[in-house]
Amino acid sequence: MRASVLTTVLCTLQALAQDVLSFVDPLIGTINGGNVFPGATLPYGLAKAVADVDGQNTGGFGMDDSRVVGFSSLHDSGSGGNPSLGNFPLFPQVCPDDELNNCKFRIDDRKVGYDLSSVVAEPGYFALDLESGIGAEMTVSEHASLFRFSFPEGTEHPLILLDLTDLWKSRQNASISIDESGRMVGNGTFLPSFGAGYYMAYFCVDFFGAEIYESGVWVNNRAGTEPKEIFITRGFNLFYLEGGGFVRFDGSDDGVITVRVGVSFLSSERACRNAELEIPTPLDDFDGLVAAAKESWREKLHPISVSENGVTEDLLTSLWSGVYRNMISPQNYTGENPHWDSGIPYFDSFYCIWDSFRVQHPLLTIVDPVAQTQMVNSLLDIYQNEGWLPDCHMSMCNGWTQGGSNADVVLVDAYVKNLSSIDWDLALEAILTDAENEPLEWSYRGRGGLQSWKTLDYIPYLDFDPLGFGTNSRSVSRTLEYAYDDFCLATLAAGLGRQDLYDKYTLRSMNWRNLWREDQTSFIDGEDTGFAGFFQPRYLNGTWGFQDPIACSALSGWCSLTSNPSETFEASIWQYLFFVPHATSSLIELIGGDEDFISRLDFFHTSGLADISNEPVFLTVFLYHYAGRPSLSAERIHTYIPAYFNSTLGGLPGNDDSGAMGAFLFFSVIGLFPVAGQNVYLIIPPFFEEVNITSPETGKTATIRNVNFDPSYEAVHVQRATVNGEPWTRSWIGHEFFTAGWTLELELGADESDWGTAVEDRPPSWV
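Residues numbered from 1 in each chain as written. Predicted model: local features only at pLDDT ≥ 70, side-chain atom pairs only at ≥ 80, totals over all residues. Heavy atoms only, no water.

- The chain goes by Glycoside hydrolase family 92 protein in an unreviewed UniProt entry, where it is assigned to Stachybotrys elegans.

Structure follows, in structure tokens:
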């Protein structure tokens, strides 16, 4: 056996022997605005248990030395805006002098610090110690959580309260009742943190390990043992009333009170049934639940293996943690949708597709195609029952649309990668609805400005749109995104034999050119950047408006959808300059050719204009491929990893957006980056000597192998490549690489070569 082969075998065996969960750190992104959920969850699970804090709490918990306000069982991960869910938190405490009136009930009164060194976060398990001396640990089943609260020795009558609130304090009304066993049941009406409408959530809480001493309800800062139920609203002048229920216990032998929490979006009865079925013996089930959760996570991560030879633990932890976070949300709400039940798996918490279509859904297509197929069918299920594909959907509510109709791209990405068990005729109908029919309210569904889109071939600045209503902004980014949505529509139409639709929508997909202003310049701090030609807003009458090309960048300040809307969404015109994924060769020609395009990309990535913390920049890192310089893409990604993506608590450059940051890192370090909506992966050398991915669909293993691997990453230039032993000159490859189990070998060197530089070897561009 050759030495290189032996090394590969030994490394593979070492990787198999190492439990990948040891490299999963759910705490990455719990500071620096990562907004991750670091608590206990199953893959795509509804129940998500963690400590909620008063600091960085969008995902519930942050390692920012803030204070714990409760422990709750419903969360989202990586969402932006207001904190999401966190409904019905529990809070344990000891009443001073064993007097009920001395306990603290309101959030600002009861919140308490925690010991940073005590925090333990693992797949399926979370624990910490409060400064009050109470320890908390938790795990989950699919629809229920199990908490163990350890009280200080000698505690006479420990108290656990339930607060009828959520993290955002969006509760409109809620109720709770407590029976003689101490069981708490109830519900609340809440608002989605980034969308329209409302949702109802239900709970069922049971206590184990000690006898009930007394129970009752509390409002604001007072509690009493009678009555045993309350209904609470927002109060006078919408003032937020705080209230809930409590139970006190005769001290247990070991000081531990076990709490089982069932949750549901249907009813309290359903919440109780979920809990009883999934956690039948709470005092005995904790360790088994943790073990089952870990095994579920191992199974989900099993398709991937990497050689650990020469790489850092930081990189391994970043990789596995990133993949893990991509399977936290969207969440499997099958049987929990109160509005309809189509008899198929139902996923929710698409938060938001503008963020996730680029890399998260392509990742799931590779490593968990069954779940991705179920998600696509859920999007179509929403279309059939609500009339539109969502762009953002959480807690059965529609979220605000950020750009185009991006579910279109998710559907077509699944189509070109041959996911099965999807009604593609229905998918075409749904995407056509987005393209042709404007809803009255397009802030949270469909597209706005379609009258102008069809007649003027762009979305105008200050559009006149009598057909529907939404935030009249983002004319530049919506034009660019609608153009790509139409290209994706054309792709699906062609595959289904609809040449008429293909011709129509490929023509419309080039509407982006109508906002190109060739004489537009850009200045930074009064100094000309030296580049001319940028997208600009345009009025209804065809005359030009103006948006500074650096506005909405890190050099000029953030642009929000609600507080300071601009003509681009969450990104500058400089950043949107590069978003023409279907016609990049035409864009290169407009800019002035390969060298001018590369010069712009270099300036963009080195001047502070590129915002790696937000999804629109992702593909720009690899666009050098389209100018015949794939080696420059390989060099560029190493300026971002590990500098901005690493295993520290703040190891994400920004909001994880349901796992998008982790998915970006995954594709970057395995050396194949997807162009969502197309059967294209851009090739660079992996950060590992070898990567293996086994297709859950076919059982075949795809291998990416570096020859002359250099763990110092000085040699990141492909000299030659082979696929299954045959020469491969293209700088890209298709999804069949994964499903057919091909082997891609990259021979590396320290200097750039001519591999992938020929025009015929560049990634496809429609025109």
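1. Focus on the sheet that holds strand 32 (residues 732-733)
Part 1 of the reasoning: Judged by pairing direction, the sheet is antiparallel, and its three strands sit side by side in the order 26-27-32 without closing on themselves. Either end of the sheet is taken by a strand with one partner, and the two such strands are strand 26 (672-674) and strand 32.
Part 2 of the reasoning: Bridge analysis of strand 26 against strand 27 (residues 681-683) gives three bridges, and the strand direction is antiparallel. Residue pairing across strands places F673 opposite L682, the latter belonging to strand 27.
Part 3 of the reasoning: Helix 18 (residues 660-670) rests against strand 26 and strand 27 of the sheet, and its axis sits at about 140 degrees to strand 26. (Pairing = 2+ DSSP bridges. Helix = DSSP H or I, 4+ residues; strand = E, 2+ residues; numbered from the N terminus. Contact = heavy atoms within 4.5 Å. Axes fitted to C-alpha atoms, helices over the stretch in contact; angles between N-to-C directions.)

2. Topic: the nonpolar core
Part 1 of the reasoning: Formed by 232 residues in total, the largest nonpolar core has its most connected members in F61, F71, L128, V259, W320, L672 and F688.
Part 2 of the reasoning: Here this core gets eleven residues from one element, more than from any other, and that element is helix 12 (residues 475-495).
Part 3 of the reasoning: Discounting residues that sit within four places of it in the chain, F688 has contacts with V306, S307, V311, L315, L316, L319, V669, N706 and F709.
Part 4 of the reasoning: Listed in part, the nine residues of the second largest apolar core include Y125, A127, L289 and V290. (Core = buried A, V, L, I, M, F, W, Y, C linked by side-chain atoms within 4.5 Å. Buried < 20%, exposed > 50% of the residue type's maximum accessible area, 1.4 Å probe, protein only.)

3. Regarding the state of the cysteines
Part 1 of the reasoning: Tallied over the entire structure, the rule returns four disulfides.
Part 2 of the reasoning: One disulfide bridge connects C95 with C103, the sulfur atoms lying 2.0 Å from each other. Negative torsions about the S-S bond denote left-handed disulfides, and the value of about -100 degrees found for C95 with C103 makes this one left-handed. In this structure, C95 and C103 share a single accessibility class: buried.
Part 3 of the reasoning: Between C204 and C272 runs a disulfide, and the two sulfur atoms are separated by 2.1 Å. Looking down the S-S bond of the C204 and C272 bridge, the torsion is 95 degrees, so its handedness is right-handed. Placement of the pair is C204 in strand 13 (residues 199-208) and C272 in helix 3 (residues 268-278), with a sequence separation of 68 residues.
Part 4 of the reasoning: Cysteine pairing for the chain, with bonded cysteines counted in sequence order: 1-2, 3-4, 5-6, 7-8.
Part 5 of the reasoning: No disulfide involves C397; its sulfur sits 11 Å from that of C392, the nearest cysteine.
Part 6 of the reasoning: Left unpaired, C488 is separated from the closest cysteine sulfur, that of C352, by 18 Å.
Part 7 of the reasoning: Under the relative-accessibility criterion, C488 is labelled buried at 0%. (Disulfide = S-S within 2.5 Å.)

4. Comments concerning the pattern of salt bridges
Part 1 of the reasoning: Per the stated rule, a full pass over the model turns up 32 salt bridges.
Part 2 of the reasoning: Residues R298 and E295 are paired through a salt bridge, measuring 3.3 Å at the closest nitrogen-oxygen approach. Highlighted residues: R298 and E295, both in helix 4 (residues 282-301), separated by three residues, approximately one helical turn.
Part 3 of the reasoning: Judged by its relative accessible area of 27%, R298 falls in the partly exposed class.
Part 4 of the reasoning: Among the ionic contacts, a cluster of salt bridges with common partners joins D408, E436, R447, K454, D486, K504 and R508. (Salt bridge = Lys/Arg side-chain N within 4 Å of Asp/Glu carboxyl O.)

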